[in-house]
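# Observations on chain architecture
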Amino acid sequence: MVVYPFIIYYSLQHNLPMISVITLLLILTLRTFTGGRQKFKANVCMFAVGICLCALFIIKQDFIYMKLYPIAVNMFCLFIFGSTLMWGEKSLVERIAAIRTPIEQQDLFFKNYCRHITLCWCIFFIVNGSLATITAFWCSDKIWAFYTGFLSYLLIALMFIAEYFYRNRLKSQRSI
């Protein structure tokens, strides 16, 4: 998925529209059928979104539909994280963190911390999706490719790293 924006950019620059369609379909097919059982439903949903975007692109002959996929990914991630805050007993971050956190450390502080981090991820996906939308509609193809293919992944990595260090700092303060 990291190379997807750059392939779209290449196909835009060289007027090779079907390369973008084939690339997205290939990536989605590989992701759907090699992602394992746990991610199968999510991958099928994103596959359906990708099919719709490809169909719209073919019908309308407008590259904007190919540039919408990163926005759809952010919306999907926002839905996954946000739904666990609204309807789940445990937030998504709590479910993930509980795998490596001993049961005796899963107190109210732990649960609240995980809920707050899940909320932070929701805000991140709103901001990231908004920036992807801005670059898709109002910036050059080069800026869109740079943001969605590099900068957004860098921001995700920075978010992970910041949370990791913050969590370890909290653990040392709480003597856990």
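Everything discussed here concerns the structure shown above.
Residues numbered from 1 in each chain as written. Predicted model: local features only at pLDDT ≥ 70, side-chain atom pairs only at ≥ 80, totals over all residues. Heavy atoms only, no water.

### Description of a nonpolar patch on the surface
Put simply, the test is: Any residue with relative accessible area above 30% and no salt bridge may belong to a patch, with like charges joined within 9 Å and the nonpolar Val, Leu, Ile, Met, Phe, Trp and Tyr side chains within 5 Å. Where accessible areas are quoted, they stem from the Shrake-Rupley method and a 1.4 Å probe; at the residue level, only the protein chains shown are allowed to cover. Salt bridge, as used here, is a side-chain nitrogen of Lys or Arg placed within 4 Å of a carboxyl oxygen of Asp or Glu. Starting at the N terminus, helices and strands are each numbered in turn, a helix being any DSSP run of H or I of at least four residues and a strand any DSSP run of E of at least two. Each residue gets one of three labels from its accessible area relative to the maximum for its type: buried under 20%, exposed over 50%, partly exposed in between, using a 1.4 Å probe on protein chains only.
Nonpolar side chains collect at one region of the surface, where Phe6, Phe146, Phe150, Leu154, Leu155, Leu158, Phe160, Ile161, Tyr164 and Phe165 lie side by side and expose about 980 Å² of accessible area between them. Here the element with the most residues in the nonpolar patch is helix H8 (residues 141–174); it accounts for nine residues. Judged by its relative accessible area of 54%, Phe165 is exposed.

### Here we look at the nonpolar core
Where we set the bar: Only buried residues count toward a nonpolar core, which is a set of Ala, Val, Leu, Ile, Met, Phe, Trp, Tyr and Cys residues joined through side-chain atoms within 4.5 Å. It only takes one pair of heavy atoms within 4.5 Å for two residues to be counted as in contact.
By size, the foremost hydrophobic cluster in this structure holds 22 residues, and its most contacted members are Tyr4, Ile8, Leu24, Phe57, Met66, Leu68 and Tyr69. Put simply, the parts of the chain that give this core at least two residues each are helix H1 (4–13), helix H2 (17–34), helix H3 (40–60), helix H4 (64–67), helix H5 (69–86), helix H7 (108–138) and H8. Apart from the residues within four sequence positions on either side, Leu24 is in contact with Tyr4, Gly50, Cys54, Met66 and Tyr69. Core analysis: the second largest hydrophobic core is formed by 14 residues, Leu92, Val93, Tyr113 and Ile117 among them.

### Looking at the packing of H2 against H3
In a pair of packed helices, the angle between the axes and the distance between the axes together describe the arrangement. Heads up, the condition is: To obtain an axis, a line is fitted to C-alpha atoms, over the contacting stretch when the element is a helix, and the angle between two such axes runs from 0 to 180 degrees between their N-to-C directions. Any angle that falls under 35 degrees is termed roughly parallel, while one over 145 is termed roughly antiparallel, one within 65 to 115 roughly perpendicular, and all others oblique. The handedness criterion is simple: a crossing whose near helix is rotated anticlockwise from the far helix by less than a right angle is left-handed, and one whose near helix is rotated clockwise is right-handed. In this classification, the charged set is Asp, Glu, Lys and Arg, the nonpolar set is Ala, Val, Leu, Ile, Met, Phe, Trp, Tyr, Cys and Pro, and all remaining amino acids, among them Gly, are polar.
Close contact between H2 and H3 brings their axes to 9 Å; oriented N to C, the two are set at 170 degrees. In terms of axis orientation, H2 runs roughly antiparallel to H3. Crossing of H2 over H3 shows left-handed handedness. Residue-level contacts link Pro17, Met18, Ser20, Val21, Leu24, Leu25, Leu28, Thr29, Arg31, Thr32 and Phe33 of H2 to Phe40, Asn43, Val44, Met46, Phe47, Gly50, Ile51, Cys54, Phe57 and Ile58 of H3. Residues belonging to the contact of H2 with H3 are distributed by class as follows: 15 nonpolar, five polar and one charged.

### Quick look at the packing of aromatic side chains
Our working definition: For Phe, Tyr and Trp, rings pair up if their centres lie within 6.5 Å, where Trp contributes its six-membered ring, and each pair is then called stacked (planes under 30 degrees apart), edge-to-face (over 60) or tilted (otherwise).
Overall, the coordinates contain 13 aromatic pairs when judged by the stated rule. Measuring from centroid to centroid gives 5.0 Å for Phe57 and Phe63, while their planes differ by 50 degrees, and the two rings are tilted. As far as the burial class goes, Phe57 and Phe63 line up, both buried. Judged by centre distance (5.6 Å) and plane angle (75 degrees), the rings of Phe124 and Phe125 are edge-to-face. Accessibility classification places Phe124 together with Phe125 in one group, the buried group. By way of ring pairs, the aromatic residues Phe81, Trp121, Phe124, Phe125 and Phe160 are connected into one cluster.

Purely geometric numbers; function is a separate question.
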